[in-house]
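Per-entry structural report
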Amino acid sequence: MAEVLAVGPYAERDIKALREQFAAPHLAGPELIADLPEAERAKVVALAFLGHKGLGSQVMDLLPNLRFITNFGVGFDAIDIPAATARGITVTNTPDVLNDDVADLALALLIADSRRMNAAERWMREGHWAKGPEYPLQRKMSGRKVGVLGLGRIGREIADRLAAFKCEIHYFSRSEKQTPGWHWHTDPVALASAVDDMVIAVVGGPETEGLVSAEVIAALGPDGVIVNIARGSVIDEEALIDALQNGRLRGAGLDVFRGEPAPDPRILALENATILPHVGSATLETRAAMGELQRRNLRDLLDGKPAVTPVN
Ligand code: NAP
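Residues numbered from 1 in each chain as written. Predicted model: local features only at pLDDT ≥ 70, side-chain atom pairs only at ≥ 80, totals over all residues. Heavy atoms only, no water.

Topic: the site of the ligand
Inspection of the region around the ligand gives 25 residues, with Arg153, Arg174, Lys177, Glu207 and Asp255 positioned closest. A distance of 3.1 Å is found between an oxygen atom of the ligand and a backbone nitrogen or oxygen belonging to Gly152. Between the ligand and the protein, one listed contact pairs an oxygen atom with a side-chain N or O atom of His278 at 3.3 Å. In the complex, the protein chains occlude 87% of the 930 Å² of accessible area that the ligand would expose alone. Considering only residue class, the shell around the ligand consists of 11 nonpolar, eight polar and six charged. (Near = heavy atom within 4 Å. Polar contact = N/O pair within 3.5 Å; in protein donor to acceptor, adjacent residues only side chain to side chain. Areas by Shrake-Rupley, 256 points an atom, 1.4 Å probe, with all protein chains shown as cover. Nonpolar A, V, L, I, M, F, W, Y, C, P; charged D, E, K, R; others polar.)

Some words on the sheet that holds strand 8 (residues 183-185)
Sheet strands line up and pair through hydrogen bonds in the backbone, either parallel or antiparallel. Taken in spatial order, the seven strands line up as 8-7-6-9-10-11-12 in an open sheet, and their pairing is parallel. With one partner strand each, in any of the chains shown, strand 8 and strand 12 (273-275) form the two edges of the open sheet. Strand after strand, the sheet turns through a mean of 15° between neighbouring axes, direction not considered. Across four bridges, the pairing between strand 6 (residues 145-149) and strand 9 (residues 197-200) is parallel. Considered in strand 9, the bridge of Gly147 is made with Met198. Contacts from helix 7 (residues 153-164) reach strand 6, strand 7 (168-172) and strand 9, with the element oriented near 170° to strand 6. (Pairing = 2+ DSSP bridges. Helix = DSSP H or I, 4+ residues; strand = E, 2+ residues; numbered from the N terminus. Axes fitted to C-alpha atoms, helices over the stretch in contact; angles between N-to-C directions. Contact = heavy atoms within 4.5 Å.)

Details of the packing of helix 5 (residues 99-114) against helix 7
The geometry of a pair of packed helices is captured by two quantities: the angle between their axes and the separation between those axes. Between helix 5 and helix 7, whose axes approach to 9 Å, the crossing angle comes to 50°. Overall, the two elements helix 5 and helix 7 adopt an arrangement that is oblique. For the crossing formed where helix 5 meets helix 7, the hand is right-handed. In this structure, helix 5 uses Asn99, Asp100, Val102, Ala103, Asp104, Ala106, Leu107 and Leu110 to contact helix 7, whose residues at the interface are Arg153, Ile154, Glu157, Ile158, Arg161 and Leu162. Per-class residue counts for the contact of helix 5 with helix 7 are eight nonpolar, one polar and five charged. (Parallel < 35°, antiparallel > 145°, perpendicular 65-115°, else oblique. Left-handed = near helix turned anticlockwise from the far one by under 90°.)

Details of helix 7
Under the 1.5 Å per step criterion, the end-to-end length of helix 7 is 17 Å for 12 residues, consistent within 8% with the ideal 16 Å. Listed in full, the buried residues belonging to helix 7 are Ile154, Gly155, Ile158, Ala159, Arg161 and Leu162. Take helix 7 and look down its axis: the buried residues cluster within an arc of 160°, on one side only. The inward-facing, buried residues of helix 7 contact helix 5, strand 6, strand 7 and strand 9. Looking at the residues trailing helix 7, positive phi occurs at Lys166, about 60°. (Expected span 1.5 Å × (residues − 1). Buried < 20%, exposed > 50% of the residue type's maximum accessible area, 1.4 Å probe, protein only. Arc of directions from axis to C-beta.)

Quick notes on the nonpolar core
Counting residues in each nonpolar core, the largest one holds 43 residues, and the members touching the most others are Tyr10, Leu18, Leu110, Ile158, Leu162, Val227 and Ile229. When near neighbours in sequence (up to four residues on either side) are disregarded, Leu18 contacts Ala6, Tyr10, Ala23, Ala24, Ala48, Arg295 and Leu298. Leu220, Leu240, Ala243 and Leu270 belong to the second largest nonpolar core, which has 28 residues in total. (Core = buried A, V, L, I, M, F, W, Y, C linked by side-chain atoms within 4.5 Å.)

Here's the deal with the packing of aromatic side chains
Enumeration over the complete set of coordinates arrives at two aromatic pairs. Considering the side-chain rings of Trp123 and Tyr135, the 5.2 Å spacing of their centres and the 65° angle between planes classify their relative orientation as edge-to-face. A residue pair is termed long-range when its members are at least 10 positions apart, and Trp123 in helix 6 (residues 117-125) and Tyr135 in the loop between helix 6 and strand 6 qualify at 12 residues. Here Tyr135 falls in the partly exposed class, since its relative accessible area comes to 23%. (Phe/Tyr/Trp six-rings, centres within 6.5 Å; stacked < 30°, edge-to-face > 60°.)

So, the pattern of salt bridges
Counted by the stated rule, this structure contains 20 salt bridges. Here Arg295 and Asp14 are joined by a salt bridge, their closest N and O atoms 3.0 Å apart. Taken together, the residues span a long stretch of sequence, with Arg295 in helix 12 (residues 284-302) and Asp14 in helix 1 (residues 12-22) at a distance of 281 residues. Note on accessibility: Arg295 and Asp14 belong to one class, buried. Two residues, Asp223 and Arg139, come together in a salt bridge whose shortest N-O distance is 3.8 Å. Of this pair, Asp223 sits in the loop between helix 9 (214-220) and strand 10 (225-228) while Arg139 sits in the loop between helix 6 and strand 6, and the two are 84 residues apart along the sequence. Overall, Asp223 belongs to the partly exposed group, its relative accessible area being 37%. Judged by relative accessible area, Arg139 falls into the buried class, the value being 12%. (Salt bridge = Lys/Arg side-chain N within 4 Å of Asp/Glu carboxyl O.)

What follows is the structure, given as structure tokens:
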């Protein structure tokens, strides 16, 4: 076996590139690493990893010579970073190249949910248009007060787009940013109390687990829309479902879920949620750029150079 092992549900073009450039064999998921013979596992120096299945200390311990984990994606909450650091393993990710796509999708979800586009399309396809009264009026999106929870790389692109939609921009971050005219809040409840709608763009993982609590959802109120393009773990999903089922939140636009890829069936049944199968960065152009950045990280690390985009 080669020194690079590709792990995860890669597109064929990335498997091919990893094979051609690094002679990397491919496994569909990290749970299959344990099935490799010990001698093969000992040869692995770098993982080219993709996916949301946990890459924790147990997997790392199966690969005694592992030095690099290059992640395909900016979010690295599936990888146990403290465990990697403790073993001297460098982790990299693929930031920035996906900002536009994810921010575009966040705005699309906010508009789709405000205007109930999915329900209107269903109504038209079912033939109601020619039969009777017009489709019920919906709510305007431009000009609303919108809170961005997490003004990082993607959050900032979302806020820039919201500005073009004449929205009043509020944000929660751990420190104030250089953003004249935008309103900084020091906790998520204060943010939710100040705005009409909220877009979630913080990192996932234990530190932000349940940050969007029942209290945050209640503070948004029955006219509010929540968009989540970050991670399912950031929202108290029980509280979200309860509020949506009982009209205490107008709607939700969700690209990420706790139970991915099989979300809670109650979410699939919600009429007032626009749901997508975690496709924030899923365009041909962006996935190509992510693959290239992952392979640049791999090449540089294997050549003894610093990583382009290190995480730890
Ligand atoms: P980023 O630039 O690192 O921004 C992360 C944001 O999270 C920052 O605003 C940061 O706040 C905040 N944050 C970090 N640790 C925190 C903590 N302990 N408590 C509260 N806030 C914390 O990341 P990014 O590139 O914008 O990506 C953001 C996330 O989007 C990724 O981690 C990923 O999970 C998700 N994502 C989803 C998709 C998709 O397909 N749906 C695609 C790409 C990314 P400060 O400003 O206070 O530092």
